[in-house]
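Read off the chains here:
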Amino acid sequence: MAGAYNDRDGTIWMNGKLVPWRDANVHILTHAMHYASSVFEGERAYNGKIFESRKHSERLHFSAGELDIEIPYTVDEIEAAKYEVMKANNLSDAYVRAVAWRGAGEDMGVASARNPVQLAIACWEWGSYYGDAKFKGAKLDIAKWKRPSPETIPVHAKAAGLYMICTTSKHAAEAKGCSDALFMDYRGYVAEATGANIFFVKDGEVHTPDPDCFLNGITRQTVIGMLKDRQIKVHERHIMPEELESFEQCWLTGTAAEVTPVGEIGTYNFEVGGITREIAESYETLVRS
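1. Overview of the packing of aromatic side chains
Using the criterion set out here, one finds 10 aromatic pairs in the structure. With centroids separated by 5.2 Å and ring planes inclined at 75°, the aromatic side chains of W13 and Y73 adopt a geometry described as edge-to-face. With a gap of 60 residues between them, W13 in strand β1 (residues 11-14) and Y73 in the loop between α2 (53-66) and α3 (75-88) connect regions that are remote in the sequence. Like W13, the residue Y73 is buried in the burial classification.

Right, dumping it as structure tokens:
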């Protein structure tokens, strides 16, 4: 599948029915467009099976609740709809995007309790998120923006508004020839990339930021489980930026990113070492099993 995302052949599930891809539209006064009242999930299907599908559907409901949005479909109904749209598009290996939002209705201010909540699910073929970085390691910039305090926004929701600084930071990174950007958090600790969690290796042990102010990714949790199964010690902790110099290996995790090695962050360099390769290969095996 190629071309602009609004001009493709195919079918999208929208509010309980399948509609032609080009007709899956919303009104210009949709509340989410003006006030970011939207939550979403990104998922990957391998050989016809969506990896950790139900966890994603459950998180969609959790995120919606954090934004005072009540999705009018159950987890079971969302599960069925995801597979229905994959079948309609004849896809077995695909990226699946579910999104719920406050639509156009009687309210057009900040408050929107009278506006209907809508849900759509699309799927398409999507290759490696970071191109050839899986082989040589991604190059990351360091973002000027910081992940906010939990006192300012529902940081554990997968909410559209939280990605505003991700877009600007990734644009700035790409302008410098980088694949992505690394955020610090509001306290100055290492946090995450724009759409992926981050891991480091030092002396055979793994270190990863404590997700106390950002999304604890489903892929992140899967990889931590894989490491512990291999008796590799995992430290979930606050990491200072100056520690980057002491780490030997680094990788990113996320549904789109899967497990992607990192070769550079700013002026710091990392090798695509044994633990990184083992986890990347094992994750690939796991999701296709």
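That was the structure; now back to the text.
2. Digging into α2
Think of an α-helix as turning once every 3.6 residues; residues three or four places apart then point the same way. The end-to-end C-alpha distance of α2, which contains 14 residues, comes to 20 Å, matching closely the 20 Å that a straight helix rising 1.5 Å per residue would cover. What α2 keeps buried is the set S53, H56, S57, R59, L60, S63 and A64. For α2, the angular spread of buried residues about the axis comes to 160°, placing them on one side. Lining the buried residues of α2 we find β3 (38-46), β4 (49-50), α3, β5 (94-102), β6 (117-124) and α6 (218-229). Where α2 ends, the next residue or the one after it, D68, has phi of about 60°, a positive value.

3. Regarding α3
With 14 residues, α3 should cover 20 Å at 1.5 Å per step; its first-to-last C-alpha distance of 20 Å lies within 8% of that length. Listing the buried residues of α3 in full gives V75, I78, E79, A81, K82, V85 and M86. Taken down its axis, α3 places every buried residue within 165° of arc, on the same side. Among the exposed residues of α3, those pointing more than 90 degrees away from its buried face are D76, A80 and K87. Just downstream of α3 lies N90, where phi reads positive at about 55°.

4. Describing the packing of α2 against α3
Axis separation between α2 and α3 bottoms out at 9 Å; the angle between their running directions is 125°. Relative to α3, the element α2 is oriented oblique. The element α2 and its partner α3 pack so that their crossing is right-handed. Contacts between α2 and α3 involve S53, R54, H56, S57, E58, L60 and H61 from the first element and V75, D76, I78, E79, K82 and Y83 from the second. For the contact of α2 with α3, the class distribution of residues is four nonpolar, four polar and five charged.

5. Considerations on the pairing of strand β7 (residues 138-147)
Where β7 meets strand β14 (residues 258-265), three bridges bridge the pair, whose relative direction is parallel. Considered in β14, the bridge of K139 is made with E264. Relative to strand β8 (residues 180-185), β7 is paired through five bridges, and the arrangement is parallel. In the strand pairing of β8, I142 is matched with L182.

Definitions and limits used
- Residues numbered from 1 in each chain as written.
- Predicted model: local features only at pLDDT ≥ 70, side-chain atom pairs only at ≥ 80, totals over all residues.
- Heavy atoms only, no water.
- Phe/Tyr/Trp six-rings, centres within 6.5 Å; stacked < 30°, edge-to-face > 60°.
- Helix = DSSP H or I, 4+ residues; strand = E, 2+ residues; numbered from the N terminus.
- Buried < 20%, exposed > 50% of the residue type's maximum accessible area, 1.4 Å probe, protein only.
- Expected span 1.5 Å × (residues − 1).
- Arc of directions from axis to C-beta.
- Contact = heavy atoms within 4.5 Å.
- Axes fitted to C-alpha atoms, helices over the stretch in contact; angles between N-to-C directions.
- Parallel < 35°, antiparallel > 145°, perpendicular 65-115°, else oblique.
- Left-handed = near helix turned anticlockwise from the far one by under 90°.
- Nonpolar A, V, L, I, M, F, W, Y, C, P; charged D, E, K, R; others polar.
- Pairing = 2+ DSSP bridges.

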